[in-house]
Amino acid sequence: MEDLQVLFWILAAAAGLNAQSFHPGSCPQSPVQVDFNITKYMGTWYEIEKLPAMFERGKCIQATYSLLSDGTVHVHNAELLPNGRINSINGVAKVKNSSQPAILEVSFVTGVPDSPYWVLSSDYQSYSLVYSCFDYFGLFHVDFAWILARTRALSEDTLAQLHRKLEAAGVNVNKLTVTNQSGCDGFI
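How each quantity is defined
- Numbering of residues starts from 1 in each chain and follows the order in which that chain's sequence is written.
- Selection of residues for local features in this predicted model requires a pLDDT of at least 70, selection of side-chain atom pairs for listing and counting requires 80 or more, and totals for whole chains, interfaces and linings are taken over all residues.
- The basis for every side-chain value is the complete set of non-hydrogen atoms in the structure, without hydrogens or water.
- UniProt positions are given in the numbering used here, feature names are shortened, and annotations may be inferred rather than shown by experiment.
- Salt bridge, as used here: a side-chain nitrogen of Lys or Arg that lies within 4 Å of a carboxyl oxygen of Asp or Glu.
- In this scheme, a residue with accessible area under 20% of its type's maximum is buried, one over 50% is exposed, and one in between is partly exposed, where area comes from a 1.4 Å probe on protein chains only.
- Definitions used throughout: a 1 Å grid over protein atoms alone; a cavity as a set of points that fits a 1.4 Å probe which cannot get out; a pocket as an open set with protein on both sides within 12 Å along at least five of seven lines; a lining residue as one with an atom within 4 Å of a point.
- Grid points are joined across faces, edges and corners, and a volume is the space filled by probe spheres set on the points.
- Only DSSP runs of H or I covering at least 4 residues are called helices, and only runs of E covering at least 2 are called strands; the numbering of each starts at the N terminus.

As recorded in an unreviewed UniProt entry, the chain goes by the name Apolipoprotein D, listed as coming from Takifugu flavidus. The record held by UniProt for the chain lists under Subcellular location (unreviewed entry) the comment "Secreted".

As structure tokens, this is what we get:
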């Protein structure tokens, strides 16, 4: 048991250093969007706010989704780094269970476990709320959340509504950070 406590505190320190959202216990079972339509979801989404993620370091963060002929989704994530370089990664998302099409798994690197991608809510035309959580033996979990939009900004009223939805799903909205979407003209 002492070894597990040491592991817990080491991982807690590592998560804290990377500003990840780290919590004791298992991942919450947040409700996802009912009757999710993956076809309507395709296209470009801009990141408006997020829980801190060590793999996102730039601004102008966006994701583009394209439906592939086999029913999977091509994912292209891109950001503009402080040095002016574009950082991007491609992956493939697939619906985990056809009875819950809002629960997807995304693979970016072969040999690394797939990442959960849960669409909690989307109107397809203006906003999307996405949640992801990694459970470590039921001892602790690290979660991620994103507010995405079809444009580089959302109104304060819409953000307040989305914050309430995230809170209802168990996300600490006080830890959300705003993604810089200014100066992005001409970026991809």
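Having seen it, we continue.
Undergrad: Outline the pattern of salt bridges, listing residues and values.
TA: Here the structure, examined in full by the defined rule, presents three salt bridges. The partner of K96 in a salt bridge is E105, with the nearest N and O atoms 3.7 Å apart. Look at E105 and you get partly exposed, because its relative accessible area is 21%.

Undergrad: Before we move on, can you summarise empty space enclosed by the protein with the specific residues and values?
TA: Tallied over the entire structure, the rule returns one cavity of 30 Å³ or more. In this structure, the largest cavity occupies an estimated 60 Å³ of space. As for the largest cavity, its lining consists of F36, I38, Y41, M42, Y65, V73, V75, A93, L104, V106 and Y117. Residue assignment for the lining of the largest cavity shows that the elements contributing at least two residues are helix 2 (38-41), strand 4 (73-80) and strand 6 (103-107).

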